[in-house]
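An overview of the molecular structure
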Amino acid sequence: MRADPPRLNRRAFLAAPIALTACDRFAAAEPSAVQPAAPLKDVVPAPFGATGMTWQLDQPDWVEQVLRHCAQLTPEWEQKMERTLGPGFTYDFEPSDRVVAFAHNNGLRVHGHTVIWYSQGAEVFDDATVPRARFAAEYDRYISTFVGRYRGRMAGWDVVNEPVAEDGDGLRACHWSRALGMEGYMVRAFEQARAADPEAVLFLNEYNLENIPRKGATFLRLVERLLKLGAPVGGIGTQSHLDIEIPAGQITAFMRDAASLGLPIHVSELDFPMQRDGGRMPDLRPTAERRAQQVARVGELAEAFMALPDRQRYAFTTWGLRDTDSWLLREEGKNRRDDSPLLLDPAGRPNPAYHALADAFGR
């Protein structure tokens, strides 16, 4: 997941390695300088979504492009705990309400993001000072109030976000796990969310699952463990902030293993920056070389998503719609003005990766 404010960039399930020959034919996809992009909601074999924030609701060009391309909207920041939770366990859902209302008024379904996240809430949910009984009671009240507020209006929720350690070596310790147990806080969150909104699909959401096989494997084992503990996990969210330099076939391998659990899969936060090493070092390679890698990886992801059974294709969401909507380009994000990490350029024309995606989904 990418947040505002941003954070630093962030399987194998089978005992024996999977031998895969990945096809990089997508690298040859060419952009179109004049043809407008066909609506992505007509191209993708599942609801196509993007993120939205309150300030964008007042931008006519953003609204026009979102209504042209999207069938689903994910609030980018307005439902994060840093915005919804105040001192003394007070709540403010007004910005969230605005994004949800905009989506519903324009015929878009909404995916909720995010209920419980390791990186937020510690200022109020201070496990060192809040008595354990109150901590648990307020935890339950927050989830039931927040999710219940939109009962019957959300397609799904990212209930627990990014619970796996950065390198995939176990799970993250945080204020939630210290107070409620490493698996206990997750089971509890899913139970409370299910009670508050019985019809929504409840997701465990994580990043770097394709990029780091060890992390993907740990994540899928966690899904299995939570299901055995009775948690009503209803779907797998893979953020897909793709490292364009990962080996060909790695995305396909993760998606194949994830599909074996039989749950709906959400490509939940797709972007694909053209920077080596997460942008920490200058990348002086020619743009054409980086575009080729980018296009190949996006094409592989689309092909792997297309290979899923229909019932497991929950949605396909990009983190922003046009390049200029990306947190990677915005001043409050990474501020990489020369990057191009999304399917559409600032004018809504197709980037090279768009054509690779359309080619894969057209098969």
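Residues numbered from 1 in each chain as written. Predicted model: local features only at pLDDT ≥ 70, side-chain atom pairs only at ≥ 80, totals over all residues. Heavy atoms only, no water.

Before going further, it helps to examine the overall build of the protein. Looking only at helices and strands, one finds 11 helices and 10 strands in the protein. Within the span of the protein, comprising 363 residues, buried residues form 59% of the whole. Split by element, the accessible area of the protein, about 13700 Å² in all, is 52% carbon and sulfur. (Helix = DSSP H or I, 4+ residues; strand = E, 2+ residues; numbered from the N terminus. Buried < 20%, exposed > 50% of the residue type's maximum accessible area, 1.4 Å probe, protein only. Areas by Shrake-Rupley, 256 points an atom, 1.4 Å probe, with all protein chains shown as cover.)

When we look at burial in helix α2 (residues 60-69), the residues that qualify are Trp62, Val63, Gln65, Val66 and His69. Buried residues in α2 make contact with α1 (40-43), β1 (48-52), β2 (72-75) and α4 (94-105). (Contact = heavy atoms within 4.5 Å.)

With that settled, consider the pattern of salt bridges. Once their charged atoms are close, side chains differing in charge can pair, the charge on each being opposite to the other. Within the structure shown, the criterion is met by 19 salt bridges. A salt bridge links Arg285 to Glu245, with the shortest nitrogen-to-oxygen separation between them at 3.5 Å. With Arg285 in the loop between β9 (265-270) and α10 (287-306) and Glu245 in the loop between β8 (235-238) and α9 (250-259), this residue pair connects regions lying 40 residues apart in the sequence. Between Asp345 and Arg349 there is a salt bridge, and its shortest N-O distance comes to 2.8 Å. The exposure class of Asp345 is buried, given its relative accessible area of 12%. Overall, Arg349 belongs to the partly exposed group, its relative accessible area being 37%. Bridged by salt links that share partners, the residues Asp61, Arg322 and Asp325 form one connected network. (Salt bridge = Lys/Arg side-chain N within 4 Å of Asp/Glu carboxyl O.)

What follows deals with the pairing of β1. Side-chain positions along a regular strand alternate between the two faces of the sheet. The element β1 is largely enclosed, with a buried count of 5 among its 5 residues. Side chains of β1 alternate between two faces, with Phe48, Ala50 and Gly52 and Gly49 and Thr51 buried alike. In this structure, β1 lies alongside strand β10 (residues 313-318), joined through 3 bridges in parallel fashion. When the sheet's bridge partners are listed, Ala50 is paired in β10 with Thr318. (Pairing = 2+ DSSP bridges.)

It is worth spelling out helix α8 (residues 213-228) at this point. With 16 residues, α8 should reach 22 Å at 1.5 Å per residue; the first-to-last C-alpha distance of 23 Å fits that figure. For α8, every residue scored as buried is listed here: Lys215, Gly216, Ala217, Thr218, Phe219, Leu220, Leu222, Val223 and Leu226. Each element contacted by the buried residues of α8 is listed here: α7 (184-196), β7 (201-206), β8 and α9. Where α8 ends, the next residue or the one after it, Gly230, has phi of about 95 degrees, a positive value. (Expected span 1.5 Å × (residues − 1).)

Now for the environment of Val99. Locating Val99 in the fold gives a position in helix α4. The sequence separation of Val99 and Trp55 amounts to 44 residues, and the corresponding C-alpha distance is 9.8 Å.

This next bit is on the packing of helix α5 (residues 132-149) against α7. Interhelical geometry of α5 versus α7 gives an angle of 40 degrees and a closest axis separation of 8 Å. As summarised for this structure, α5 and α7 are arranged oblique, according to the angle between their axes. Handedness of the crossing formed by α5 with α7: right-handed. Of α7, the residues touching α5 (which contributes Ala136, Tyr139, Asp140, Ile143, Ser144, Val147 and Gly148) are Tyr185, Arg188, Ala189, Gln192, Ala193 and Ala196. Counted by class, the contact of α5 with α7 contains 8 nonpolar, 3 polar and 2 charged residues. (Axes fitted to C-alpha atoms, helices over the stretch in contact; angles between N-to-C directions. Parallel < 35°, antiparallel > 145°, perpendicular 65-115°, else oblique. Left-handed = near helix turned anticlockwise from the far one by under 90°. Nonpolar A, V, L, I, M, F, W, Y, C, P; charged D, E, K, R; others polar.)

Once that is clear, we can look at the confidence of the model for the protein. Of the residues in the protein, 88% have a pLDDT of 70 or more, and the chain-wide mean is 90. Here residues 2-23 scores under 50 on pLDDT; set against residues more than four positions off or in separate chains, the count is 73 contacts. (pLDDT = per-residue confidence, 0-100.)

Let us look at the environment of Ala258. Tracing the sequence through the fold places Ala258 in helix α9. Separated by 20 residues in sequence, Ala258 and Thr238 place their C-alpha atoms 9.5 Å apart. Ignoring anything within four residues of it in the chain, the contact list for Ala258 reads Leu220, Ile236 and Ile265.

Counting buried residues along β9, 6 of its 6 residues qualify, which places the element largely inside the surrounding structure. As paired strands, β8 and β9 are joined by 3 bridges and run parallel to one another. Note on β9: the bridge partner recorded for Ile236 is Ile265. Considered for its hand, the β-α-β crossover made up of β8, α9 and β9 is right-handed. Note: β9 against β10, 4 bridges, orientation parallel. When the bridges of β10 are listed, Ile265 appears paired with Arg313. (Right-handed = clockwise from strand over helix to strand, strands pointing away.)

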